[in-house]
Structures are given as C-alpha cells and as structure tokens.
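Residue-level structural notes
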Amino acid sequence: MFLNRKDFLGIRDLTAEELNYILKTAETMKFVINQKNKKVPHLQGKSVIMLFYDYSTRAKLAYELAAQHLSANVIDMDATAASEKKERLQDVGQLIDQMGADFIILRHPMSGAARILADCVEASVINAGDGHNENPGQSLLDLMTIKERKGGFEDLRVAIIGDITHSRVAKSNIWGLLKLGAEVRVTGPSTLIPSELESFGVKVCFDPREAVDQADVILSTRIAASENCVYKIPSLDEYRSMFLVDENLMKYAKDDAIVMHPGQIQRGVEIATSVINSPQCIVNDQIGNSVAVRMAMLYILSQIGGGLHEAFD
C-alpha cells in the first residue's frame, strides 16, 4: 500500500508516487465536498485535536471542515506560544495520547516540532506548519491546483519569488515540485535565499526577469512583518521595486502562466492589484482545494494497514 506511515510531517519525506497518490485521493474528496451532503462516515468515532501554537484562521478552518466532513470529533485545544513555557510539547502530546485521541494537527513556531511530537505519541500527527521548516498541507493544495490547471508537472517551469528562507510553504513546494518533475527557479533578495538551494537542483536567479522567463507558474511568498525578515531587506519599498509581481514582470512569463500565493497577499508589495484581479491569479482555486487536500491527508492516515489503494486501481 502506498504511504504506509503514521504521520504527515513534510513533503521532503514523500516520494513522487506517494505525492501522486495523495493528489488522486484529494480529487476524490473534492468530488465529495461538491455534493449537497458533504458528510461521509470514514472518520466516525475518531477524534481530531487541533493544537495550534501559531494562530492561522485559514489553516485551522480548512482542517476543522475536513475533519467534520469525514464525521470526526474535533477538539480545539487552547494552545499559545506562552502556554508551551508552562508545559512541554511532549507532555501535552502524551496527555492527548492517554485520552485516546487519534489525530493531532500541530502548528508550531519551532522547526522540527511536528517530528518531536510524532516520536512521542501513538496518535497520527499532521504538520500544519513548523517554524521555517515545512507546511505540507499548503504545499499539497498548491500542487493540486497546479495539476488541475496544467495537467501535470513534467517539463513545467515554476518560479518562486520572495522570502524563501522564512517560507515553510516555499520549501515544501520546492521538494514537491522537484520530485514530480518540474523545473524550479527562485528569486528574491539574496539575504532571503538559502545558500544550499542550488545543490538540490533549484536554479537561483537574482534577476526576477530571469526567474519568470517562460514560466508556467509563478508562486509568490509572503514577506513577513517580523524582525527576522525586515532587517534582511532595506525596506518594503525596495523589495517592491524589484520583486513585485506586476504586469511588467508577467510579460516575461508564458501567456498562459498562472500566479499563486499562500495568502494573505500584501497588495502592491508582493503582487500588484491588477494581477490579483486578473484571470491569471488563481488564489481562489487554491482556497477551493484546501479542504479536499486536508480530507485526503486525514483519510489516508486513517486507512493505514487497509486496502485503500484498491479503490484507485
């Protein structure tokens, strides 16, 4: 059986075969949620714990809806970055384990937190974003959206623009796109691009026009408002003057290129309003796929040891 593992911790851990399997399952889940009755019984009697130390309305809503559509019991734990100082993550995880929870959806400001939790609990852990490391759920919905629009990934040229160092989504997307056969180019301020990227097969371009030249897909990242990011660039105005995805930059991409962003977009800094309002910007398609992908992640983990793949043979 494909994806015979307990947890979803990152795209880096997955093979191309496993990624395609998840995307195929998500397509089935999208069919389910397009029905009038969106609820199916696959997680009936199962408990899903939402453990978000970093708040994200969009991600939490997507995971909660996904679990509810699958008939799971959803419990939102009151977790904050301050609360971890009172009780270790491992202790919280073992508490949840002893109470018989089946899934823990973790979002945490520390890179590697999801793996630490997964190693000390019997429950299945889904990484909803850990520090600057990975965010597999967001990446999978990006991959699903690209596949729907472009039909596949072989020979696809993808440009990722912005802050790569602090973007866990960008890192997950890089792993996923490379495994599935796409060419990946990145561009942004030199202080925000990890030095080791080229060793993984990524082309680093410090001129954004080179990065988007004949690109099929343009993925813009968030420019964080945190001190970690701001002190590495002179100003947002200077970033805008060089890396804003606007109509002038789009001229270098293919005519049918699509523009994507994990949200929320800083209009006029990351992407120009004119591009956001154009048919090439498919942010709404990404949002539309967010629940289906999370349903697929939960469903697959719930079926470990079963014969789920037979349904797709």
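First, a word on scope: everything that follows refers to the structure included in this document. (Residues numbered from 1 in each chain as written. Predicted model: local features only at pLDDT ≥ 70, side-chain atom pairs only at ≥ 80, totals over all residues. Heavy atoms only, no water.)

What about the side chain of Gln-286?
Structurally, the position occupied by Gln-286 is in helix α12 (residues 283–302). Within the structure, the side chain of Gln-286 is placed 2.7 Å from the side chain of Asp-142, a separation counted as a polar contact. Setting aside chain neighbours within four positions, we find Gln-286 in contact with Gln-138, Leu-141, Asp-142, Thr-145, Met-260, His-261 and Pro-262. (Helix = DSSP H or I, 4+ residues; strand = E, 2+ residues; numbered from the N terminus. Polar contact = N/O pair within 3.5 Å; in protein donor to acceptor, adjacent residues only side chain to side chain. Contact = heavy atoms within 4.5 Å.)

Points about unusual backbone geometry
Residues Gly-263 and Gln-264 are joined by a peptide bond in cis, for which omega reads -15 degrees. As for its placement among the helices and strands, Gln-264 is situated in the loop between β9 (258–260) and α11 (273–276).

So, the sheet that holds strand β6 (residues 183–187)
If you walk across this open sheet you meet the five strands as β7-β6-β5-β8-β9, and the pairing is parallel. Because the sheet does not close on itself, it has two edges, and the strands there are β7 (203–204) and β9. Sheet topology note: the β6/β7 ladder contains two bridges and is parallel. Of the residues in β7, the one forming a bridge with Arg-185 is Lys-203. Contacts from helix α5 (residues 136–150) reach β8 (217–220) and β9, with the element oriented near 170 degrees to β9. (Pairing = 2+ DSSP bridges. Axes fitted to C-alpha atoms, helices over the stretch in contact; angles between N-to-C directions.)

Here we look at the packing of helix α1 (residues 16–33) against α12
Between α1 and α12, the shortest axis-to-axis distance is 8 Å and the interhelical angle comes to 120 degrees. Both α1 and α12 take part in a crossing whose hand is right-handed. Residues Tyr-21, Ile-22, Thr-25, Ala-26, Met-29, Lys-30, Val-32 and Ile-33 of α1 pack against Asn-289, Val-291, Ala-292, Val-293, Met-295, Ala-296, Tyr-299 and Ile-300 of α12. For the contact of α1 with α12, the per-class residue count stands at 13 nonpolar, two polar and one charged. (Left-handed = near helix turned anticlockwise from the far one by under 90°. Nonpolar A, V, L, I, M, F, W, Y, C, P; charged D, E, K, R; others polar.)

A few points about the nonpolar core
Here is a general trend for soluble globular proteins: nonpolar side chains tend to be buried in one another's company. Counting residues in hydrophobic clusters, the biggest one holds 64 residues, and the most contacted among them are Ile-105, Leu-140, Ile-160, Leu-177, Val-186 and Leu-298. Ranked by residue count, the leading element in this core is α12, at ten residues. Not counting the four nearest positions on each side in its chain, Leu-298 is found in contact with Leu-43, Val-48, Ala-66, Ala-67, Leu-70, Phe-103, Ile-105 and Ile-126. Ranked by size, the runner-up nonpolar core spans 24 residues in total, among them Ala-159, Ile-161, Ile-223 and Ile-233. (Core = buried A, V, L, I, M, F, W, Y, C linked by side-chain atoms within 4.5 Å. Buried < 20%, exposed > 50% of the residue type's maximum accessible area, 1.4 Å probe, protein only.)

Notes on empty space enclosed by the protein
Enumeration according to the criterion identifies one cavity of 30 Å³ or more in this entry. Elements supplying a minimum of two residues to the lining of the largest cavity: α6 (168–179) and β8. Considering every element that reaches the lining of the largest cavity, the biggest residue donor is α6, with three residues. (1 Å grid on protein atoms, 1.4 Å probe; cavity = no way out; pocket = protein on both sides within 12 Å on 5 of 7 lines; lining within 4 Å. Points joined across faces, edges and corners; volume = space filled by probe spheres on them.)

Section: the pattern of salt bridges
If you walk through the whole model with that rule in mind, you get 15 salt bridges. Linking Arg-88 and Asp-91 is a salt bridge whose minimum nitrogen-to-oxygen distance equals 3.2 Å. What makes Asp-91 partly exposed here is its relative accessible area of 30%. Put simply, Arg-209 and Asp-207 hold a salt bridge, and the shortest N to O gap is 3.0 Å. The exposure class of Arg-209 is partly exposed, given its relative accessible area of 43%. Shared partners join several salt bridges into a network, and the residues in it are Arg-157, Glu-183 and Arg-185. (Salt bridge = Lys/Arg side-chain N within 4 Å of Asp/Glu carboxyl O.)

What about the sheet that holds strand β3 (residues 103–108)?
Strand order in the open sheet formed by four strands is β2-β1-β3-β4, with parallel pairing between adjacent strands. Edge strands, defined here as strands with exactly one partner in the open sheet, are β2 (73–76) and β4 (124–130). Between one strand and the next, the sheet's axes are offset by a mean angle of 15 degrees, whatever the strand orientation.

Observations concerning the layout of surface pockets
Considered as a void within the structure, the largest pocket measures approximately 1,000 Å³ in volume. Mapped by element, the contributors of at least two residues to the lining of the largest pocket are α2 (57–69), α5, α6 and α12. Of the residues in the lining of the largest pocket, the class split is 15 nonpolar, 17 polar and eight charged. For the second largest pocket, the calculated volume is near 280 Å³.

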